[in-house]
Amino acid sequence: DRMTGKRTMNKTIQIEVDGRTVEAHAGETILTVLRRNGIEVPTLCHMEDLLPTGACRMCVVDVAGAPSLVPSCSYPVAAGMKIQSRSPRVLNARRMILELILSNHPDDCLYCGRNGKCDLQQLSRDMGIRQRRFRGQKSAQELDVSSPSIIRDPEKCVLCGKCVRVCEETQGVAAIDFVGR
């Protein structure tokens, strides 16, 4: 608030989500409000306590009046907003995003060393994706063994940006970044 110098984050507003009215705080993201109200929204790039990027687009929702689907992790709520979190348009978009990510991913998910501990595997299961719809030449990259403590497989990267953000925002180093994305 300009008059008092206080943040407007404490101002309670009402929005409509999937046909029901919920309370939100001005300045919150849609994702924060939805999760607080028990509405699960998938994400790959979202990290608590770091600035949102909306890079993966898995968290898209349909906001009445918006020209396209919006990433809920980076889109602020507004009083009277009407949101659909599970409309056919939203679910189809999320599925397409996941299928496109998988199209350039190795085919070893069923026997991968992270089997059962992978967000990509879990989202695929949740969305009923059992096989690839999009095929083509995948980008081939070598293992990154430049660090003695971390071996990174760039072929399994889904370009979520988490590693880049942690390196820059948490570690304050900015030693890695996207190249040729």
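Residues numbered from 1 in each chain as written. Predicted model: local features only at pLDDT ≥ 70, side-chain atom pairs only at ≥ 80, totals over all residues. Heavy atoms only, no water.

S.K.: Quick question: what am I supposed to make of the overall build of the protein chain here?
M.R.: Looking only at helices and strands, one finds four helices and five strands in the protein chain. Overall, the protein chain shows an N-to-C arrangement of helices and strands of β-β-α-β-β-β-α-α-α. Buried residues in the protein chain amount to 36% of all 181 residues. Contacts in the protein chain between residues at least 24 apart in sequence constitute 50% of all its contacts with a sequence separation of at least 6. Working note: accessible area of the protein chain is about 11,700 Å², and carbon and sulfur atoms make up 52% of it. (Helix = DSSP H or I, 4+ residues; strand = E, 2+ residues; numbered from the N terminus. Buried < 20%, exposed > 50% of the residue type's maximum accessible area, 1.4 Å probe, protein only. Contact = heavy atoms within 4.5 Å. Areas by Shrake-Rupley, 256 points an atom, 1.4 Å probe, with all protein chains shown as cover.)

S.K.: Would you explain the pattern of salt bridges in this entry?
M.R.: Opposite charge on two side chains makes pairing possible when the charged atoms of those side chains draw close. In the structure shown here, the tally under the stated rule is three salt bridges. For Arg36, the salt bridge identified is with Glu28, shortest N-O distance 2.5 Å. Overall, the relative accessible area of 43% leaves Arg36 in the partly exposed class. We classify Glu28 as buried; its relative accessible area is 7%. Arg35 serves as the salt-bridge partner of Glu40, at 4.0 Å between the closest nitrogen and oxygen. Taking the relative accessible area as the measure of exposure, Glu40 reaches 58% and is therefore exposed. By relative accessible area, which is 30% here, Arg35 ends up partly exposed. (Salt bridge = Lys/Arg side-chain N within 4 Å of Asp/Glu carboxyl O.)

S.K.: Teacher, can you tell me more about the pairing of strand S3 (residues 60-63) here?
M.R.: Successive side chains on a regular strand alternate, one facing one side of the sheet and the next facing the other. Across the two faces of S3 the burial is the same, with Val60 and Asp62 and Val61 and Val63 all buried. When S3 meets strand S4 (residues 70-71), the two strands line up antiparallel, connected through two bridges. Bridging from a neighbouring strand, Val61 pairs with Val70 of S4. Here S3 hands over to S4 after six residues, with Gly65 in that stretch at a positive phi of 95°. The pairing of S3 with strand S5 (residues 82-84) spans two bridges and is antiparallel. By the bridge assignment, Asp62 is partnered in S5 with Gln84. (Pairing = 2+ DSSP bridges.)

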